[in-house]
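Chain by chain, the residues:
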Amino acid sequence: KGWSIKKDIQELASEIFNEKYKSLSHSDKETIHDKANLANYKRALTKIVRDFETKLKAIGEKGTNLIHRFGLEYTDFKGGRNSAFSHFVKWANGDIKEPTATFINLADNLDGWTTKTTPPEKRAAIEAVYFDGLNEQVKSAITLFENSTPYYSATAVLNYFFTLGILNDVQRRLQQLQQDENILFLSDTTELLNNIIADSDSPFIYEKTGTHLTHYMIDEFQDTSAMQWNNFRPLIRESLAHNNFNLIVGDVKQSIYRWRNSDWRLREERVPADFLPDSIREYALD
């Protein structure tokens, strides 16, 4: 927003420590770093956006022209100044406005286009424009928005398009700094363990640590992250396989560390899905 971008980049760079970014594969990050590939991707996204907006603008212009050709204004239809037919005017002017429920109900519904007080000559013109193509334009607009997911997805990606490339560049500089200074960020330890374990079985982990643990107790579990859980899960599964007792303590209502990658859904969804039902017992404390 200003000439000084240092603060913005610093705020953006904090996303490097987000597990969603950390979970990107090496090949993903290489792809992001490939500026030529990014340029091609941007062109593809821009085409999706442009094609949708061109089609919508054409629908708006056709609808508006039809209304005018029959000597009508959008205010002549049911709703007056608030008529749903104002959508055509907005679309013709390049405004990407989603059709309201009232507009959607206009399709194949001539009775919804007029009121009892609509003058006879206006009613006749409205009926004529309905059958002469305006109803088809209404349906075309509805169909276009029913298939608008690629458009909104492309628009969202374009809004943040350059951030991934910037993040990747910042991370490479940080990695170089770590190598030069021989340091490891504490925030990287979970990812490091995740990469070492990488779906390995428990004996491999015990072999590397030189320690075999029988029982596990994880407190404040609502503040656990997905990567942390992936690190603990094979150990707990091994313990349960030997009929050992393990304890998870947590309250999803107290999950306040999302900025530190905590995920309350682990307690609610993942834990029950990761183990057999007969191996889990729940106790609610009053």
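Residues numbered from 1 in each chain as written. Predicted model: local features only at pLDDT ≥ 70, side-chain atom pairs only at ≥ 80, totals over all residues. Heavy atoms only, no water.

Description of the overall build of the protein
And then number 1: Regarding its fold elements, the protein presents 13 helices and two strands.
And then number 2: In summary, the protein has a C-alpha radius of gyration of 29 Å against a globular reference of 19 Å for 286 residues, an excess of more than 25%.
And then number 3: Overall, the protein is about 90 × 50 × 30 Å in size when its C-alpha atoms are taken along their principal axes.
And then number 4: Counting across all 286 residues of the protein, residues that qualify as buried make up 31%.
And then number 5: When the accessible surface of the protein is split by element, carbon and sulfur atoms take 53% of a total near 19000 Å².
And then number 6: For the protein, the distance from the average position of its 35 positive side-chain charges to the average position of its 41 negative side-chain charges is 7 Å. (Helix = DSSP H or I, 4+ residues; strand = E, 2+ residues; numbered from the N terminus. Rg over C-alpha atoms; globule rule 2.2 N^0.38 Å. Buried < 20%, exposed > 50% of the residue type's maximum accessible area, 1.4 Å probe, protein only. Areas by Shrake-Rupley, 256 points an atom, 1.4 Å probe, with all protein chains shown as cover. Lys, Arg positive; Asp, Glu negative; His and termini not counted. Charge placed at Lys NZ, Arg CZ, Asp CG, Glu CD.)

Considering the pattern of salt bridges
And then number 1: Summed over the entire model, instances satisfying the criterion amount to nine salt bridges.
And then number 2: With its nearest N and O atoms 3.8 Å apart, the salt bridge here joins Lys-57 to Glu-61. With Lys-57 and Glu-61 both in helix H4 (residues 35-69) and four residues apart, the pair spans about one turn of that helix.
And then number 3: The exposure class of Lys-57 is partly exposed, given its relative accessible area of 33%.
And then number 4: Here Arg-233 makes a salt bridge to Asp-274, at a shortest N to O gap of 3.5 Å. (Salt bridge = Lys/Arg side-chain N within 4 Å of Asp/Glu carboxyl O.)

Here's the deal with the packing of H4 against helix H7 (residues 120-146)
And then number 1: Between H4 and H7, the shortest axis-to-axis distance is 10 Å and the interhelical angle comes to 160°. Taken together, the axes of H4 and H7 lie roughly antiparallel to each other. Here H4 and H7 pass one another in a crossing that is left-handed. Counting all contacts with H4, which are made through Phe-52, Lys-55, Leu-56, Ile-59, Lys-62, Gly-63, Leu-66, Ile-67 and Arg-69, the residues of H7 involved are Val-129, Asp-132, Gly-133, Leu-134, Gln-137, Ser-140, Ala-141, Leu-144 and Phe-145. (Axes fitted to C-alpha atoms, helices over the stretch in contact; angles between N-to-C directions. Parallel < 35°, antiparallel > 145°, perpendicular 65-115°, else oblique. Left-handed = near helix turned anticlockwise from the far one by under 90°. Contact = heavy atoms within 4.5 Å.)

Observations regarding the nonpolar core
And then number 1: Core analysis: the biggest nonpolar cluster contains 30 residues, and Phe-77, Phe-85, Phe-88, Phe-103, Trp-113 and Leu-134 have the highest contact counts within it.
And then number 2: It is H7 that provides the largest number of residues to this core, a total of 10 residues.
And then number 3: Ignoring sequence-local partners within four residues, the contact set of Phe-88 consists of Ile-59, Gly-60, Gly-63, Thr-64, Ile-67, Phe-103, Leu-134, Gln-137 and Val-138.
And then number 4: By size, the runner-up hydrophobic cluster in this structure holds nine residues, among which are Tyr-216, Ile-218, Leu-235 and Ile-236. (Core = buried A, V, L, I, M, F, W, Y, C linked by side-chain atoms within 4.5 Å.)

What to know about the packing of aromatic side chains
And then number 1: Under the counting rule described, the total for this entry stands at 18 aromatic pairs.
And then number 2: Judged by centre distance (4.8 Å) and plane angle (75°), the rings of Trp-113 and Tyr-130 are edge-to-face. In this pair, Trp-113 sits in the loop between helix H6 (101-104) and H7 while Tyr-130 sits in helix H7, placing the two residues 17 residues apart along the sequence.
And then number 3: Residue classification places Tyr-130 among the buried positions, given a relative accessible area of 10%.
And then number 4: Centre to centre, the rings of Phe-221 and Trp-229 are 5.4 Å apart; their planes meet at 85°, and the pair counts as edge-to-face. Each member of the pair, Phe-221 as well as Trp-229, is classed as buried.
And then number 5: Cluster of aromatic residues (ring-pair linked, three or more members): Phe-52, Phe-77, Phe-85, Phe-88, Trp-91, Phe-103, Trp-113, Tyr-130, Phe-131, Phe-145, Tyr-151 and Tyr-152. (Phe/Tyr/Trp six-rings, centres within 6.5 Å; stacked < 30°, edge-to-face > 60°.)

Overview of unusual backbone geometry
And then number 1: The backbone phi angle of Glu-220 is positive, close to 50°, even though this residue is not glycine.
And then number 2: Considering the arrangement of structural elements, one finds Glu-220 in the loop between strand E1 (217-218) and helix H12 (226-241).
And then number 3: Positive phi values are uncommon outside glycine, yet Asn-243 reaches one of about 60°.
And then number 4: Here Asn-243 is to be found in the loop between H12 and strand E2 (247-248).
And then number 5: By relative accessible area, Asn-243 is classed as exposed at 73%.

Considerations on the confidence of the model for the protein
And then number 1: For the protein, mean pLDDT is 88; residues scoring 70 or higher make up 94% of the total.
And then number 2: Mean pLDDT values over the elements of the protein span from 68, in helix H11 (residues 202-209), up to 97, in helix H5 (residues 86-92). (pLDDT = per-residue confidence, 0-100.)

Things to note about the side chain of Asn-246
And then number 1: The residue Asn-246 is located in the loop between H12 and E2 in this model.
And then number 2: Within the structure, the side chain of Asn-246 is placed 3.0 Å from the side chain of Ser-239, a separation counted as a polar contact.
And then number 3: Within polar-contact distance, the side chain of Asn-246 engages the backbone oxygen of Asn-244 at 3.3 Å.
And then number 4: When residues no more than four places from it in sequence are discounted, the contact partners of Asn-246 are Thr-214, His-215, Tyr-216, Ile-236, Ser-239 and Leu-240. (Polar contact = N/O pair within 3.5 Å; in protein donor to acceptor, adjacent residues only side chain to side chain.)

Considerations on the packing of helix H1 (residues 6-13) against helix H9 (residues 161-181)
And then number 1: Between H1 and H9, the shortest axis-to-axis distance is 10 Å and the interhelical angle comes to 85°. Put simply, H1 runs roughly perpendicular to H9. Across from Ile-9, Leu-12 and Ala-13 in H1, the residues of H9 making contact are Thr-163, Ile-166, Leu-167 and Val-170.
And then number 2: Across the contact of H1 with H9, the residue classes tally to six nonpolar, one polar and no charged. (Nonpolar A, V, L, I, M, F, W, Y, C, P; charged D, E, K, R; others polar.)

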